[in-house]
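# Structural overview for review
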Amino acid sequence: MLPGLYVHVPFCSRKCPYCDFYSISALDLIPSWLRGLDKEADLYAKDWPGPFDTLYLGGGSPSLLTVNDLKTLFEVLEKFPLAEGHEATIEANPEDVTREKVKFWKSLGLNRVSLGVQSFNPQWLNSSLARTHTVEDNKAAIETVAAEGLNLSLDFIFAHAGQSPQEWAAELDQAAATWADHVSAYVLTPAPGTALGRALAVGVAPKLPGEELTSELFLLTGEALAMRGFERYEVSNFARGGAVCRHNLKYWHREPYLGLGPSAHSFDGKKRRANTSSVRRWAQALSSGRTPLEFEETLTPEQVRMEEIMLGLRLSEGLPRELVKDSDKLADLIKDGFLAEVGQRLKPCPKGMLMADGLAKLLA
Ligand code: SF4
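Residues numbered from 1 in each chain as written. Predicted model: local features only at pLDDT ≥ 70, side-chain atom pairs only at ≥ 80, totals over all residues. Heavy atoms only, no water.

A word on unusual backbone geometry. Here Gly50 and Pro51 are connected by a cis peptide whose omega angle stands at 0 degrees. The amide bond that connects Gly59 to the next residue, Gly60, takes the cis arrangement and shows omega of 15 degrees. For Gly60, the location among the structural elements is in the loop between β2 (52–59) and α2 (67–76). Residue Gln118 is not a glycine yet carries a positive backbone phi of 70 degrees. Structurally, Gln118 is set in strand β4 (residues 112–118). In the Ramachandran plot, Arg254 falls in the positive-phi region, its phi being about 60 degrees despite a non-glycine side chain. Mapped onto the elements of the fold, Arg254 is located in the loop between α9 (246–253) and β9 (257–260). (Helix = DSSP H or I, 4+ residues; strand = E, 2+ residues; numbered from the N terminus.)

So, in C-alpha cells, the structure goes:
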C-alpha cells in the first residue's frame, strides 16, 4: 500500500461566507509559504521515502498559484517521488481556469482537476454562496479541462434556502452531461464560526431546508446520478467508469498519507498529526527547526475500531461485520433498512449513508 501526498495551499482571493477550511487572502505570504514547504519537505523526506501513488493539491485555491509558484512547488516536491500511474489532482476555481494554465498543470504531471463549480444555478451560486464566478465561468472551465483531456471532478453544494428537488435534479443532469466522471455533492452546513453560520444564528440569512427536505435532496442526488451511470461510493462522492478519487479513498481506508502546509493532516498508519492552522506560526516553527504541529495522537485499538466503523459507514463498500459487537442494535438497523449484511460485510443503504455519523455512534 503506497502513501498519498497532500499539499495545503491556504490562499484564496477572498473568504466565502460558508467556508471553514483554513484559508487567507494575504497572497504576499506565498513566498514564505513556499520557503516553509521546502523546510517541511526536508523534515519528512527521510521518513517518507515514497513512492507516493497520489498527490493532491488542495486548499484554499491552488489554481491561484502562478506558473513560477508552481515551478517552485514542484521543485520542492521532487523530494517525494511519485509512483508510475499515480493520480495527481489540483483543486481549481472556475474563474482561474485558462487554457494556458491547464496546459501547464498537465506539463507538471497533474492529471485530475477538482473543479469547484458549486452550482449551475446563478441564484445559489451568487447569492446563497456569494461566489464571484458565474455559471458561464463553470461551463468555460469544464470545456477547457475537457479540451486538454484531464480527468475532471465537479464539486457542488446543495440544500440552499428555497431550493426545490426539481431544481437540484436539473443541476445534476447538467453535471452528468459534461466530461466529468466524478461528482462531489455536499449539503450546505455552515459551521458556527463562518459568516453564513453567524448570519443564520441571528436570523438575518434565509433559513436552510429542514431535515425532511434535506433528506429528500440527498436521496435524490444518488438516484439522479445513478441514472447517468454514476455510483455513490462515499456519502458525498460519485464516480462513473471507476473514476473514484484514489487520494480521498486513502483517508476513508485509513491508509498512510503525508500532509504538507499549514493545517495539513498526516497519518502514518499509527499516528495522526495536524499542522498548525496559521501560515505565520507554521513558517516560524519550521524556520526554528521545529515540527509545526498543533496536535499528534496515537489511537488505542478501541479507538481504531470505532474509527473503522465510522469511516466504513461512509463507504458503499461498508465495513467488516466483525467490527460491530452489539448484535441486537445491528439487527434493528438492518430490519429498519439502514444497513444490509452482504457476506461478511455490512453495507450502508442510501438512508443509512444519510445518517452515517449517527449510525456510527449507535454501533460504537
Ligand atoms: S474558494 Fe474554497 S477554500 Fe477558498 S474561501 Fe471559498 S470555499 Fe473556502
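The next thing to look at is the packing of helix α3 (residues 99–107) against helix α5 (residues 135–148). At their nearest, the axes of α3 and α5 sit 10 Å apart, and the two run at 40 degrees to each other. The pairing of α3 with α5 is recorded here as oblique in orientation. In the packing of α3 onto α5, the handedness of the crossing is right-handed. Contacts from Arg99, Val102, Lys103 and Lys106 in α3 reach Thr144, Val145, Ala147 and Glu148 in α5. For the contact of α3 with α5, the class distribution of residues is three nonpolar, one polar and four charged. (Axes fitted to C-alpha atoms, helices over the stretch in contact; angles between N-to-C directions. Parallel < 35°, antiparallel > 145°, perpendicular 65-115°, else oblique. Left-handed = near helix turned anticlockwise from the far one by under 90°. Contact = heavy atoms within 4.5 Å. Nonpolar A, V, L, I, M, F, W, Y, C, P; charged D, E, K, R; others polar.)

Tracing the backbone through its elements, the reader meets Pro51 in the loop between α1 (30–45) and β2. You can call Pro51 partly exposed: its relative accessible area is 33%. Remark: the alpha-carbon pair of Pro51 and Leu2, spanning 49 residues in sequence, is separated by 6.7 Å. Those residues in contact with Pro51 that lie beyond four places of it in its chain are Leu2, Pro3, Pro81, Leu82 and Ala83. (Buried < 20%, exposed > 50% of the residue type's maximum accessible area, 1.4 Å probe, protein only.)

What follows is about the domain arrangement of the chain. Taken domain by domain, the chain holds domain 1 (4–252) and domain 2 (301–363). Of note, the centres of domain 1 and domain 2, computed from C-alpha atoms alone, are 28 Å apart. Of the residues lining the interface, 11 residues belong to domain 1; the matching set on domain 2 comes to nine residues. Between domain 1 and domain 2, a total of about 920 Å² is buried, with carbon and sulfur atoms accounting for 68% of that surface. (Domains from an automatic or database assignment. Buried area = accessible area lost by both parts, 1.4 Å probe.)

A separate point is the pairing of β9. Of the two faces of β9, the one carrying Tyr257 and Gly259 and the one carrying Leu258 and Leu260 are both buried. Direction of pairing for strand β1 (residues 4–9) relative to β9: parallel, over a ladder of four bridges. Following the sheet pairing, Gly4 is matched in β9 by Tyr257. (Pairing = 2+ DSSP bridges.)

Before going further, it helps to spend a moment on the nonpolar core. Counting 65 residues, the largest nonpolar core has Trp33, Leu73 and Leu115 as its most contacted members. Considering every element that reaches this core, the biggest residue donor is α1, with six residues. If we ignore the near neighbours within four places in the chain, the residues touching Trp33 are Val7, His8, Val9, Pro10, Phe11, Leu65, Leu73, Gly261, Pro262, Val279 and Trp282. Counting residues in hydrophobic clusters, the runner-up holds 17 residues, among them Leu333, Leu339, Leu346 and Ala360. (Core = buried A, V, L, I, M, F, W, Y, C linked by side-chain atoms within 4.5 Å.)

This next bit is on helix α6 (residues 165–176). Here α6 is 12 residues long and its end C-alpha atoms lie 16 Å apart, about the 16 Å a rise of 1.5 Å per residue gives. Three or more residues of α6 are buried, namely Pro165, Trp168, Glu171, Leu172, Ala175 and Ala176. Buried residues of α6, viewed axially, fall in a sector of 135 degrees; they line one side. (Expected span 1.5 Å × (residues − 1). Arc of directions from axis to C-beta.)

Let us now look at the packing of aromatic side chains. Counted by the stated rule, this structure contains 10 aromatic pairs. When the ring of Tyr6 is compared with that of Tyr56, the centres are 6.1 Å apart and the planes differ by 25 degrees; the resulting orientation is stacked. Here Tyr56 lies in strand β2 and Tyr6 lies in strand β1, a separation of 50 residues in the sequence. A ring pair is formed by Tyr233 and Trp252, whose centres lie 6.4 Å apart and whose planes are at 70 degrees; its orientation type is edge-to-face. Of the two residues, Tyr233 sits in strand β7 (residues 231–234) while Trp252 sits in helix α9, which places them 19 residues apart along the sequence. Note on accessibility: Tyr233 and Trp252 belong to one class, buried. Through successive ring pairs, a cluster of aromatic residues spans Phe120, Phe156, Phe158 and Trp168. Across from the ring centre of Phe267, 4.2 Å away, lies the NZ or CZ of Arg272, which sits over that ring. Its end group placed over the ring of Phe338, Lys351 keeps NZ or CZ at 4.5 Å from the ring centre. (Phe/Tyr/Trp six-rings, centres within 6.5 Å; stacked < 30°, edge-to-face > 60°. Lys NZ or Arg CZ within 6 Å of the ring centre and 35° of its normal.)

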